[in-house]
Amino acid sequence: MKFIFSLEKYLAKFEGILIVTMLSVMVLLAFLQVLLRNLFSFGFLWGDPFLRYLVLWVGFLGAVLATKEERHFGIEFINRLLSPRMMHVARFIVDLFACIITFFLFQAAMQFLDIGFDENSIDLFGISKKYYLAIIPIAFGFISLHFLLRVARHLFGIFKGEVAE
């Protein structure tokens, strides 16, 4: 059980560092773009498209962290009606279903990148669009992993009768 908690903790730390870094770059680049345009009447041609990709990455990484922190949609009133063991059973079922669905979304996103973009679809800095849009399957993979870790926690809670917090 400690392994699951430590894995979740390190994953969240890594994801948080990525979000903070990308958000900082986003804010600085947007501020620099505005400053350059207003003061010197020019800006970086690559700035706006790069900011769009950063918004996409930050949004998907935010969804990953929301899943880890259990800040996504949920039905909270049921929690008051169930015993701790039955709550683990209910959450096990819901998280298992969510894990399976997000895994299918991961697979679909991988196919989207493989079919929709080839190595010749070059965008900024001579890099293929496939790499800029890679956050879509990466995020669904991490979301699925977070649900899988939660499934393991609730499975442990069902059989051990402990609350896994």
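Residues numbered from 1 in each chain as written. Predicted model: local features only at pLDDT ≥ 70, side-chain atom pairs only at ≥ 80, totals over all residues. Heavy atoms only, no water.

**Student:** Which parts of the structure should I look at to understand the pattern of salt bridges?
**Tutor:** Throughout the structure, instances matching the rule amount to 4 salt bridges. Of the charged contacts, one joins arginine 153 and glutamate 8 as a salt bridge, the two residues approaching to 2.9 Å between their closest N and O atoms. Linking arginine 153 in helix H6 (residues 135-160) with glutamate 8 in helix H1 (residues 2-40), this pair joins segments that are 145 residues apart in sequence. In terms of burial, arginine 153 and glutamate 8 fall into one category: buried. (Salt bridge = Lys/Arg side-chain N within 4 Å of Asp/Glu carboxyl O. Helix = DSSP H or I, 4+ residues; strand = E, 2+ residues; numbered from the N terminus. Buried < 20%, exposed > 50% of the residue type's maximum accessible area, 1.4 Å probe, protein only.)

**Student:** I keep staring at a nonpolar patch on the surface and nothing clicks. Help me out?
**Tutor:** A grouping of Leu96, Phe97, Ile100, Ile101, Phe103, Phe104 and Leu105 is seen on the molecular surface, where their side chains present a nonpolar patch of about 630 Å² in accessible area. Following the sequence through the fold, isoleucine 100 ends up in helix H4 (residues 84-116). The partly exposed category is assigned to isoleucine 100, whose relative accessible area is 39%. (Patch = residues over 30% accessible without salt bridge, like charges linked within 9 Å, V, L, I, M, F, W, Y side chains within 5 Å. Areas by Shrake-Rupley, 256 points an atom, 1.4 Å probe, with all protein chains shown as cover.)

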